[in-house]
Amino acid sequence: MSSSTSTQYLSPESACRTSPQQVKQLRPKPLLLKILRAAGAQGETFTLKELVHYLGEYISKKQLYDKKQQHMVYCGGDQLGDLLGCESFSVNDPRPVYEMLKRNVTSVTVTVTAE
Ligand code: HRQ
């Protein structure tokens, strides 16, 4: 038996939406933006989810986590450490990251117009 299902992928963008949408976004300050860019981020504004994602990418890429205790991040000597103002932190207590984000992003409302 062959199950040849040609999957029709409908993106959410295909939903009919004509009125402009206001979207809450965060605009990182230059040093944070540099770190996010190093992790592959593009653009100028991001959602919180994207910020967390790219910070994680950065930590992975630069292998700032402890190989044995992977919840530990050692950022001393890296520009991330300068930004956080600490040498290390744990995902179990990410307050330095949270505080850094509060200092380094400004909230913006972007108006997105559907094409
Ligand atoms: C990747 C790989 C790892 C293999 C870590 C950060 C936690 C952003 C990324 C965060 C936490 C709370 C708030 C905002 C951001 C409010 C990443 C990590 C890792 N081990 C620890 C990682 O090991 N990620 O700290 N973030």
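Residues numbered from 1 in each chain as written. Predicted model: local features only at pLDDT ≥ 70, side-chain atom pairs only at ≥ 80, totals over all residues. Heavy atoms only, no water.

Enquirer: Would you mind going over the side chain of D78 with me for this structure?
Expert: Tracing the sequence through the fold places D78 in the loop between β2 (72-74) and α3 (79-84). You can call D78 buried: its relative accessible area is 8%. In this structure the side chain of D78 is engaged in a polar contact, spanning 3.0 Å, whose partner is the side chain of K62. Excluding residues that lie within four positions of it along the chain, D78 makes contacts with Y58, K62 and L64. (Helix = DSSP H or I, 4+ residues; strand = E, 2+ residues; numbered from the N terminus. Buried < 20%, exposed > 50% of the residue type's maximum accessible area, 1.4 Å probe, protein only. Polar contact = N/O pair within 3.5 Å; in protein donor to acceptor, adjacent residues only side chain to side chain. Contact = heavy atoms within 4.5 Å.)

Enquirer: What is the right way to look at the site of the ligand in this model?
Expert: As a structural note, the neighbourhood of the ligand is formed by 15 residues, with S60, Y65, Q70, F89 and V91 the closest of them. Within the backbone of Q70, an N or O atom sits 2.5 Å from a nitrogen atom of the ligand. Protein burial of the ligand: of its 570 Å² of free accessible surface, 78% is covered by the chains. If you list the elements that add at least two residues to the shell around the ligand, you get α2 (48-61) and α4 (95-104). Looking at the shell around the ligand, the element that brings in the most residues is α2, giving five residues. Split into classes, the residues belonging to the shell around the ligand amount to eleven nonpolar, four polar and no charged. (Near = heavy atom within 4 Å. Areas by Shrake-Rupley, 256 points an atom, 1.4 Å probe, with all protein chains shown as cover. Nonpolar A, V, L, I, M, F, W, Y, C, P; charged D, E, K, R; others polar.)

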